[in-house]
Every structure is written in structure tokens, then in C-alpha cells.
Amino acid sequence: MDIVVYESLYGNTAAVAREIAAGLGEDARAMPTSEATPDVVAAARLVVAGAPVHALSLPTAKSRESARAKPQGHERMAADLGHVAMREWLASLPRGARLGAAFDTRVKGPLGHGAATAIATTLAADGYTLLDEPHGFTVHMHTSASTPGALLAAGEREAARAWGERLRAAAAALA
Ligand SMILES: Cc1cc2nc3c(=O)[nH]c(=O)nc-3n(C[C@H](O)[C@H](O)[C@H](O)COP(=O)(O)O)c2cc1C
């Protein structure tokens, strides 16, 4: 199985993860960090992992806490802090000769860097063969909508699905 593991506070990284899984094909599943237990990871062929950029890198306990004070949109949708942070999940990632890829969601401009690169560095250090460069998907800083995924810029769902298809082809080329 291929898994697309995500940390997502307002549902945007989760929406990207689901599109990547759809692009990867029937044998792929998107899941939050808490569901991607070491056993699930150990059984995977490909592990794609993604998180939002917070303060130029992976979310920290402090940045997650500050998101608590930033509900999204007019209806004030609360940040979902119910899953393990990507940073913590990576710290207990099983090592192994698996395939990997990393992505993040970020705003356009100089602030939007770092989370995907940090994930890719850990995956590579833990023995994963990276199928592509770390990949970023663009979100808006604000939205008036309070629905999960409402920050995603136009075209990013399609771009995520296309990236999943590219990862699938890259994995097949290595088989
Ligand atoms: C506390 C906090 C800090 C953030 N810092 C950055 C940043 O440094 N660079 C950036 O591009 N986006 C930043 N953002 C915007 C997030 O990237 C955006 O909220 C995220 O991609 C939404 O994804 P999610 O719904 O999966 O959490 C920040 C957001 C929060 C809540």
C-alpha cells in the first residue's frame, strides 16, 4: 500500500493529501499522522508525508498553540489539534528501504518554505528513497469561508492529483 500522511489544522493539507492519494491510484490511502502508526508505515511501499508551513518550517508546539487563537473564516472554524504533529511523527518514523516524498502547504512569497524540505531530510536520513523534490502547494493567508480546505489556491487540488500521478510513474520506473 502507498500512504499519504498529513498534519492539517484547517483541512488544507488534508485536502491536498487526498488528491495526491487519488493520483497515486487505488492502492493509496490518505491518513492523519495518528493513523499512520509504525505498523502501518512498515507495511507501506511508498510514504508521502505533508504538513503546513508554520514560521518557515514544520509546525511546533508553540505555533500549533498559536493557531488555537486563529479560527478560520466568518464562522470561526477552530484549528484541529487532535492529531500528532508531523515533527513528532517523524521522530518515531520506522527506518527502512521504502520510497518517500514530501510536500507542504504554504502562502506565496518568502515565508513559504521549509516544511517539505524538513520532512524530506528526515525521510532520506531514515533510509527512504525520495521520488521527487520536496513539493509546495499554495494557500491563501486568509479566507472568509469556514470550511476545511477553503484556503487552497485555485488549481492546487488538480496540481496535487497530477503530482500523485507523477509519483506513481516514478515509483513504477524504479520497480
Ligand atoms: C501559526 C501559523 C504560522 C504560519 N506561518 C507560516 C509561514 O511561515 N509561512 C507560510 O507560508 N505560511 C504560514 N502559515 C500559513 C499556513 O501555511 C496555512 O495555515 C496552512 O498551509 C494551512 O494548512 P492546514 O489547513 O492543513 O493547516 C502559518 C499559519 C499559522 C496558523
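Refer to the structure printed above.
Residues numbered from 1 in each chain as written. Predicted model: local features only at pLDDT ≥ 70, side-chain atom pairs only at ≥ 80, totals over all residues. Heavy atoms only, no water.

Looking at the ligand, there are 21 residues lining it, with Ser8, Asn12, Thr13, Thr105 and Leu111 nearest. Between Thr13 and the ligand, the recorded distance is 2.5 Å, taken from a side-chain N or O atom to an oxygen atom. In the model, an oxygen atom of the ligand is placed 2.9 Å from a nitrogen or oxygen of the Val107 main chain. Given that more than half its atoms are within 2 Å of the pocket grid, the ligand belongs to the largest pocket. Of all the secondary structure elements, the ones that give two or more residues to the shell around the ligand are α1 (12-24), α3 (61-68) and β4 (99-107). (Near = heavy atom within 4 Å. Polar contact = N/O pair within 3.5 Å; in protein donor to acceptor, adjacent residues only side chain to side chain. 1 Å grid on protein atoms, 1.4 Å probe; cavity = no way out; pocket = protein on both sides within 12 Å on 5 of 7 lines; lining within 4 Å. Sits in = over half its atoms within 2 Å of the grid points. Helix = DSSP H or I, 4+ residues; strand = E, 2+ residues; numbered from the N terminus.)

Before going further, it helps to spend a moment on the side chain of Ser146. Looking at the secondary structure, you find Ser146 in the loop between β6 (135-139) and α6 (156-174). Its relative accessible area of 16% is what places Ser146 among the buried residues. Looking at Ser146, its side chain comes within polar contact range of the main-chain oxygen of Gln72, at 2.8 Å. Here the side chain of Ser146 touches His74 through a polar contact of 3.5 Å, landing on its backbone nitrogen. Discounting residues that sit within four places of it in the chain, Ser146 has contacts with Gln72, Gly73, His74, Glu75, Arg76 and Met77. (Buried < 20%, exposed > 50% of the residue type's maximum accessible area, 1.4 Å probe, protein only. Contact = heavy atoms within 4.5 Å.)

Going through the model one piece at a time under the given rule, you end up with seven salt bridges. A salt bridge links Arg68 to Glu65, with the shortest nitrogen-to-oxygen separation between them at 2.7 Å. Of the two residues, Arg68 and Glu65 both sit in helix α3, three residues apart, roughly one turn of that helix. What makes Arg68 exposed here is its relative accessible area of 53%. A salt bridge links Arg106 to Asp104; the nearest nitrogen and oxygen atoms lie 2.7 Å apart. (Salt bridge = Lys/Arg side-chain N within 4 Å of Asp/Glu carboxyl O.)

Bringing the nonpolar core into the picture now. For soluble globular proteins, nonpolar side chains are generally found buried alongside one another. In this structure, Val4, Ile20, Leu24, Val48, Phe103, Trp163 and Leu167 are the most contacted members of the largest nonpolar core, which totals 30 residues. Elements that contribute at least two residues to this core include exactly β1 (2-6), α1, β3 (46-52), β4, β6 and α6. Considering every element that reaches this core, the biggest residue donor is α1, with seven residues. In contact with Trp163, not counting residues within four places along its chain, are Ile20, Val48, Ala101, Ala102, Phe103, Asp132, Glu133, His135 and Phe137. Judged by nonpolar contacts, the second largest core, of 21 residues, contains Ile3, Val47, Ala102 and Ala115. (Core = buried A, V, L, I, M, F, W, Y, C linked by side-chain atoms within 4.5 Å.)

Another aspect to go through is the side chain of Asn12. With respect to the helices and strands, Asn12 occurs in helix α1. Exposure remark for Asn12: the relative accessible area of 5% places this residue in the buried category.

What follows is about the packing of aromatic side chains. Scanning all chains against the criterion turns up three aromatic pairs. When the centroid spacing of 6.1 Å and the interplanar angle of 75 degrees are considered together, the rings of Phe103 and Phe137 count as edge-to-face. With Phe103 in strand β4 and Phe137 in strand β6, the pair connects residues that are 34 residues apart, well separated along the chain. Neither Phe103 nor Phe137 differs from the other in exposure class; each is buried. (Phe/Tyr/Trp six-rings, centres within 6.5 Å; stacked < 30°, edge-to-face > 60°.)

Moving on to the layout of surface pockets. When its volume is computed, the largest pocket comes out at roughly 720 Å³. For the largest pocket, the lining is made up of 29 residues, of which Tyr10, Val53, His54, Lys70 and Met141 are closest to its centre. Looking at the lining of the largest pocket residue by residue, the classes come out as 13 nonpolar, 14 polar and two charged. (Points joined across faces, edges and corners; volume = space filled by probe spheres on them. Nonpolar A, V, L, I, M, F, W, Y, C, P; charged D, E, K, R; others polar.)

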